[in-house]
Amino acid sequence: ISEELRRAQEEWEAVEEIQSGLWGTLASATPLISFNEALQYFQTADLSECRKKVQATVRRQGLAALVHFLFGPPRLQLQLQGERELALAMAQCGFDDNERVHMRILQTIYKKLTRSRLGCPRYGAHWEELGFQGADPGTDLRGTGMLGLMQLLYFVMDAQMLPLAHEIFKLSQHETQACVVQAAITLVLLQNFPFCIMSVNITRIVIQALREECLSRECNRRQQVFAVLNDLYAAAFLQLYRLWKGQHKTIADSSFLLKELELSAKKKPKQLLKSLAAYMNRDPAADGLQRPSPVPGEEIDFTGVCDPQVELEGEARLV
């Protein structure tokens, strides 16, 4: 390489470092945003184009329609329809670099998960460390849109949920090992998984449960939609954590576990929500959970977890 070319490369690298540093400084100065503040933004934003893309409630025909009418959940009450439509519109809303609220949501998730006061560049390998597929988190929101980031924002900004979010993130980051001895051969199983991609898949399950009217009864009872969606998201993530950690699951098991979560969210959402309530109330007897240690950073251990016995069809996968 000629001396002139080498000098040009050094100058370009210096420019890149300065730009990265400036962006990091600007991102650090960006204030955190709460879930409610972000939700208020979407309530007033123009989502007309996103609403056009919303898929209607799943249509049933023939015997399936009759069974759903006779034994299925009730219809969502009229006063809650607007909240449901907003949630589905947000699921069609892509990430926009020009929207300051979108950027604040992304920076808040980064800071809360990493426990850092410093911000980070918009693009880079640091997002892969959080469990996105590449340097741009916006490309991983297919099927969930900004609702995928909003549910993750709720998870890290709710004071009661944050310890659970950190425990799950810790399991996803560290190469937790479980030894299985068979025929005198020890196999080492790594339990790490892409945290944010798993989160997006759980949000997709929640959206599908909403579209199929599986959550109408609970939404009508609580007279809320977003609160039910967020609780179901957290409950499904808790269930995933229980099975993954307690049964030494690996990424090879993710398809089955996601399918199991989807079935539970659609068929037994109340049971999942009760499990979350038991965890939040720190009642070990109600959900077979050991009481989490009050020591910061200490892992949550779970007991009494049985293998899922449901036979499933189709395929679920990490996107």
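Conventions adopted
Numbering of residues begins from 1 in every chain and follows the order in which that chain's sequence is written. For this predicted model, a pLDDT threshold of at least 70 governs which residues receive local features, and a threshold of 80 or more governs which side-chain atom pairs are given and counted, while totals over whole chains, interfaces and linings are taken from all residues. Side-chain calculation: all heavy atoms of the structure are included, whereas hydrogens and water are not. Any Lys or Arg side-chain nitrogen located within 4 Å of an Asp or Glu carboxyl oxygen qualifies as a salt bridge. Numbered from the N terminus, helices here are DSSP runs of H or I no shorter than four residues, and strands are runs of E no shorter than two. Note on classification: 1.4 Å probe, protein chains only; a residue is buried when its accessible area is under 20% of the maximum for its type, exposed when over 50%, partly exposed between these limits. By convention, a stacked pair of Phe, Tyr or Trp rings (six-membered ring in the case of Trp) has centres within 6.5 Å and planes under 30 degrees apart, an edge-to-face pair has planes over 60 apart, and any other such pair is tilted. Axis definition: a line fitted to C-alpha atoms, over the contacting stretch in the case of helices. Angles run 0 to 180 degrees between N-to-C directions. An angle below 35 degrees is read as roughly parallel, one above 145 as roughly antiparallel, one from 65 to 115 as roughly perpendicular, and any other as oblique. The sense of a crossing depends on the near helix, which, turned anticlockwise from the far helix by less than a right angle, makes the crossing left-handed and, turned clockwise, makes it right-handed. In this description, contact between two residues means that some pair of their heavy atoms is separated by no more than 4.5 Å. Asp, Glu, Lys and Arg are counted as charged, while Ala, Val, Leu, Ile, Met, Phe, Trp, Tyr, Cys and Pro are counted as nonpolar; the rest, among them Gly, fall into the polar class.

Visitor: Looking at this structure, how should I read the pattern of salt bridges?
Guide: Note on pairing: side chains with opposite charge can pair once their charged atoms come close. Applying the stated criterion across every chain yields a total of 11 salt bridges. E49 is the partner of K52 in a salt bridge, and the nearest nitrogen-oxygen pair spans 3.2 Å. Remark: E49 and K52 occur in helix α3 (residues 48-52); sequence separation between them is 3 residues, near one turn of the helix. Comparing K52 with E49 shows no difference in burial state: the two are exposed. Via salt bridges that share partners, E212, K259, E262 and K266 belong to a single interconnected network.

Visitor: How should the packing of aromatic side chains be read in this particular structure?
Guide: One pair of aromatic rings is described through two measures. These are the centre distance and the angle between the planes. Inspection of the entire model under this criterion finds 11 aromatic pairs. Seen from their ring centres, F35 and F226 are 6.5 Å apart, and the 65 degrees between their planes marks the pair as edge-to-face. In this pair, F35 is assigned in helix α2 (residues 35-44) and F226 in helix α12 (residues 226-246), connecting sequence segments 191 residues apart. Summarising the burial analysis for this pair, F35 and F226 share the class buried.

Visitor: Is there a simple way to explain the packing of helix α10 (residues 195-211) against helix α13 (residues 254-267) in this structure?
Guide: Working note: a packed helix pair is described by the angle between its axes plus the distance between those axes. The N-to-C vectors of α10 and α13 enclose an angle of 30 degrees; their axes lie 9 Å apart at closest approach. With respect to each other, α10 and α13 are oriented roughly parallel. The chirality of how α10 crosses α13 is right-handed. Contacts from M198, N201, I202, I205, Q208 and A209 of α10 reach α13 at S254, L258, L261, E262, A265 and K266. Partitioning the contact of α10 with α13 into residue classes produces 7 nonpolar, 3 polar and 2 charged.

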